[in-house]
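The lines below spell out each chain.
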Amino acid sequence: MYKVMLVDDDYPVLEYLAESINWEELGMAPPTLHTDGEEALGHAIGDMPDIVITDIGMPNMDGLELIERLREMKPGVRVAILSCHSQFHYARQALKLKVQDYLLKETLDPSELVKLLLQFKESLDQERLADREQEQLRHIVNRNREKMKETFIRATIHQPILHPEEWKRELVSFGLSADGTALLPVLAHLDHFTQARKRFRTEDVLRFAVLNVVEEVASARPGVAYFPYSAKRSFFLFAFEPSLKINPYDEAASFVRQVLQGVRQSLKLSLSFIIGDPCRSPLELQKELSELLFCEGQRFYLEDGAVVKKGHPRYADADLFRDYDRAREEFRNLLLADRRDDALSALVRRWMTHFRERPRPPETIKDWVLKLLLDLKLKVHSLRFFQAPYTAEALHQEISEIESLSELENWLTARLQSLKPVVKDILQTCGRPEIMQAYQYVAANLDKKIGLEEMAAHLHLNPSYFSRMFKKETGETFTDFVIRMKMERARELLDTTEYPVGRICDMLGYDNQSYFIKTFKSVVGVTPMEYRRIGVAGK
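The model shown is predicted, which means the values in this text are computed figures rather than measured ones. Going along each chain's sequence as written, the residues are numbered from 1 onward. Local features in this predicted model are restricted to residues of pLDDT 70 or higher, and side-chain atom pairs are both shown and tallied only at a pLDDT of 80 or more, whereas totals for entire chains, interfaces and linings draw on every residue. The side-chain numbers reported here are obtained from all heavy atoms of the structure, hydrogens and water having been left aside.

A.B. asks: Looking at this structure, how should I read the overall build of the chain?
C.D. replies: Starting at the N terminus, helices and strands are each numbered in turn, a helix being any DSSP run of H or I of at least four residues and a strand any DSSP run of E of at least two. Per the secondary structure count, the chain includes 23 helices and ten strands. For each residue, the accessible area found with a 1.4 Å probe, counting protein chains only, is set against the maximum for its type, and the residue is called buried under 20%, exposed over 50%, and partly exposed in between. Within the chain, the fraction of its 539 residues that count as buried is 47%. Contacts are assigned to residue pairs that have any heavy atoms within 4.5 Å of one another. Long-range contacts, defined as pairs at least 24 residues apart, comprise 69% of the intrachain contacts of the chain with a sequence gap of at least 6. With the model as given, the accessible surface of the chain reaches about 27800 Å², and the carbon-plus-sulfur share is 51%. Here the open area of atoms and residues is found with the Shrake-Rupley method and a 1.4 Å probe, where only the protein chains shown may cover a residue.

Now the structure itself:
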């Protein structure tokens, strides 16, 4: 709805006009009423009207001065004068201020004002339509220009530069010069891209939002151009004349921090930046852009909003999976203990800090995390049948899109927390708390011999009573449950380690390897060695 302001020092006139017209029917909000120009101007500063109907002679500030001040703030505001003055000099001043109409109070009929308001509305509607069309046209031009920039930067990276002079001319069309200047490239990564894309609904909307902020910051900084590469990555090129007085790294870092601040304030998003080395030729730039683009290792370990120079991470030599069993037990026990969410978040953060302090290739870290989730899912499944909150295929797809350790931390925490309702459901459907305590005890002590008497003593129950209760609540005997859990663990170890069968036998509390092999075959259908061979052949 359009906003209307009525200004007159005769308050009954204001009330009469406000009450005699059905404003909403005209597509207008109920008008604001003001008894002098100064008061009206103060209101307009905070809430500018689209239409103003004002008297001329008023205390503090007359109507003509009010119109002049409003025109300075909003040239397109529609204005009509409502006055007792019919003298020619007032009409002449009104014409100079581009007042659309001049109404006399003595002969005013509300229907005449309604007619005038409808004329104002029609012209405002046309103006808004023209503005929308112009904005759409500007958007199309910008989209085409950004597409040209994306094509240019991709061609620069991935195709031979056969005609350097033609390449330089195209660079000039984007506002940069390559003659007598060096170019400093900076790669920008959109942090937590998957979450950002969900919040903005589509990649196009997300890209357009980021572009608007970048353009606003870049408009005050000559010698820099922005080149989108994809929805999650883009480049800045800084042109500078090589000089001892100018530190291009500091200049670039200062600028991208302004971009970061703008994106955070306007969009609640974050960007991370890697600054490359200065380039004096198209071929040097091509090589540098390519190196920046494939800095996955450095990118993976950047904190959100980081601004760093290009570097190469040094990976730890120790086997990452050496600590895997310990981590899996920690996460498994925490899930089964039904602790608070912050305890789970703290455990995830501790392991992510471990990875940051002892970096490995990103794909190795992601493989470790994916394996952990799948193993925990399998373990919860072994306690009681449930509908999985996610599939292995979905996890593979999601983790493949993760580009930073901080994003991986958030993702793993969210996925583990989605398992907690499943565990809670198991707790609630067990019927008796003693059953869940038995589940938890067995899961935490698979490396020991666990007998019925020992379990009953732990729960302070009679062994015969506990045995009957367990069979009634779960549908299987306690001994069968322990064997099933141990064999599930044996399958995990056969699938994920190269431990010999004898060591796995010891790790599960069996002191007789032949008995372990016989038990495994009775549950799984094949011996441990046959199971491992089948798994290797399947892979």
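A.B. asks: Just checking my understanding: could you explain the sheet that holds strand 4 (residues 78-83) for this structure?
C.D. replies: Hydrogen bonds between backbone atoms are what pair the strands of a sheet, whose relative direction is either parallel or antiparallel. Reading across the sheet, the five strands line up as 2-1-3-4-5 and stay open at both edges, with parallel pairing between neighbours. The two strands at the open ends of the sheet, each matched to only one other strand, are strand 2 (32-34) and strand 5 (101-104). Neighbour-to-neighbour, the strand axes of this sheet turn through a mean angle of 20 degrees, independent of strand direction. Pairing of strand 1 (residues 4-7) with strand 3 (residues 51-54), which is carried by four bridges, proceeds in the parallel orientation. Following the sheet pairing, Val7 is matched in strand 3 by Thr54. Strand pairing requires that DSSP identify at least two bridges connecting the strands. The axes used here are C-alpha line fits, helices contributing only the stretch in contact, and every angle between their N-to-C directions lies in the interval 0 to 180 degrees.

A.B. asks: Before we go on, may I ask you to explain the sheet that holds strand 6 (residues 182-190) in this structure?
C.D. replies: Taken in spatial order, the five strands of this open sheet run 7-8-6-9-10, and their pairing is mixed. Of all strands in the sheet, those with a lone pairing partner are strand 7 (224-228) and strand 10 (307-309), marking the two edges. Taking each pair of neighbouring strands and ignoring which way they run, the sheet shows an average axis angle of 25 degrees. One ladder, built from five bridges, connects strand 7 with strand 8 (residues 233-240); its direction is antiparallel. In the strand pairing of strand 8, Phe227 is matched with Phe235. Strands strand 6, strand 7, strand 8, strand 9 (271-275) and strand 10 of the sheet are contacted by helix 9 (residues 248-267), whose axis makes an angle of about 170 degrees with strand 9.

A.B. asks: In this structure, what is going on with the packing of aromatic side chains? I would like to understand it.
C.D. replies: Describing an aromatic ring pair means giving the distance of the ring centres and the angle of the ring planes. Here the aromatic set is Phe, Tyr and Trp, taking the six-membered ring for Trp, and pairing holds for ring centres within 6.5 Å; pairs whose planes are under 30 degrees apart are stacked, those over 60 apart are edge-to-face, and all others are tilted. Enumeration over the complete set of coordinates arrives at 26 aromatic pairs. Centroid distance Tyr324 to Trp368: 5.6 Å. Interplanar angle 85 degrees. Geometry classified as edge-to-face. With Tyr324 in helix 12 (residues 324-336) and Trp368 in helix 14 (residues 362-383), this residue pair connects regions lying 44 residues apart in the sequence. Here Tyr324 matches Trp368 in class, with each residue buried. Every member of this aromatic cluster is reached through a ring pair, and the members are Tyr226, Phe236, Phe238, Phe255 and Phe273. Two conditions define a charge located above a ring, namely a distance within 6 Å from the ring centre to NZ of Lys or CZ of Arg, and an angle within 35 degrees of the ring normal. Over the ring of Tyr499 we find Arg503, and its NZ or CZ is 3.9 Å from the ring centre.

A.B. asks: Sorry if this is basic, but what is going on with the pattern of salt bridges here?
C.D. replies: Once the charged atoms of two side chains with opposite charge are near each other, the side chains can pair. What makes a salt bridge here is a side-chain nitrogen of Lys or Arg within 4 Å of a carboxyl oxygen of Asp or Glu, nothing more. As enumerated under the stated definition, the model contains 35 salt bridges in all. Residue Glu165 is joined to Lys168 by a salt bridge in which the shortest nitrogen-to-oxygen separation is 3.8 Å. You can see Glu165 and its partner Lys168 sitting in helix 6 (residues 164-173), three residues apart, about one turn around the helix. Here Glu165 falls in the partly exposed class, since its relative accessible area comes to 48%. Among the salt bridges present, the one from Asp447 reaches Lys448, with a minimum N-O distance of 3.5 Å. Taking relative accessible area as the criterion, Asp447 reaches 44% and is therefore assigned partly exposed. One continuous salt-bridge network, built from bridges that share partners, spans Asp325, Arg328, Glu329, Arg332, Arg489 and Glu492.

A.B. asks: Any chance you could explain the environment of Leu416 here in plain terms?
C.D. replies: As for its placement among the helices and strands, Leu416 is situated in helix 16 (residues 405-429). A relative accessible area of 0% places Leu416 in the buried class. Distance from Leu416 to Leu344, taken between C-alpha atoms, is 7.9 Å for residues 72 residues apart in sequence.

A.B. asks: What am I meant to see in the environment of Val524 here?
C.D. replies: Summarising the element assignment, Val524 is placed in helix 22 (residues 513-524). The sequence separation of Val524 and Glu488 amounts to 36 residues, and the corresponding C-alpha distance is 9.1 Å. Leaving out residues up to four positions away in the same chain, Val524 has contacts with Arg491 and Tyr531.

A.B. asks: Quick question: what am I supposed to make of the packing of helix 8 (residues 203-218) against helix 9 here?
C.D. replies: The description of two packed helices rests on the angle between their axes and on the distance between the axes. The interhelical angle for the contact between helix 8 and helix 9, taken along N-to-C directions, is 135 degrees, at an axis separation of 9 Å. By the angle between their axes, helix 8 is oblique relative to helix 9. Taken as a pair, helix 8 and helix 9 cross one another with a handedness that is right-handed. Contacts between helix 8 and helix 9 involve Ala209, Val210, Val213, Val214, Val217 and Ala218 on the former and, on the latter, Phe255, Gln258, Val259, Gly262, Val263, Ser266 and Leu267. Small angles under 35 degrees read as roughly parallel and large ones over 145 as roughly antiparallel, with 65 to 115 read as roughly perpendicular and the rest as oblique. Each crossing gets its hand from how the near helix is turned against the far one by less than a right angle, where anticlockwise is left-handed and clockwise is right-handed.

A.B. asks: What am I meant to see in the side chain of Glu476 here?
C.D. replies: With respect to the helices and strands, Glu476 occurs in the loop between helix 19 (463-474) and helix 20 (478-496). Leave out the neighbours within four places in its chain, and Glu476 touches Phe470, Lys471, Phe481 and Arg484.

A.B. asks: Just checking my understanding: could you explain the side chain of Thr181 for this structure?
C.D. replies: Relative to the elements of secondary structure, Thr181 occurs in the loop between helix 6 and strand 6. Among all residues touching Thr181, those that are not within four sequence positions of it are Ala239, Phe240, Glu241 and Pro242.

A.B. asks: Looking at this structure, how should I read the pairing of strand 7?
C.D. replies: A regular strand carries its side chains on alternate faces of the sheet. Counting buried positions along strand 7 gives five out of five residues, so the element sits mostly inside the fold. Because side chains alternate across strand 7, one face comprises the buried residues Val224, Tyr226 and Pro228, and the other comprises Ala225 and Phe227, equally buried. Following strand 7, the chain reverses through four residues before pairing antiparallel with strand 8.

A.B. asks: What exactly am I supposed to notice about the nonpolar core here?
C.D. replies: Generally speaking, a soluble globular protein has its nonpolar side chains buried in company with each other. Among buried residues, those of type Ala, Val, Leu, Ile, Met, Phe, Trp, Tyr and Cys that are joined through side-chain atoms within 4.5 Å constitute a nonpolar core. Counting residues in hydrophobic clusters, the biggest one holds 35 residues, and the most contacted among them are Phe236, Phe238, Val259, Leu269 and Phe273. The set of elements that each furnish at least two residues to this core consists of strand 6, helix 7 (193-199), helix 8, strand 7, strand 8, helix 9 and strand 9. A total of nine residues in this core trace back to one element, the largest contributor, which is helix 9. Apart from residues lying up to four places away in sequence, Phe273 is in contact with Val186, Leu187, Ala188, Phe236, Val256, Val259, Leu260, Leu302, Ala306, Val307 and Val308. Counting 33 residues, the second-largest nonpolar core is a separate cluster that includes Tyr441, Leu459, Val501 and Tyr531.

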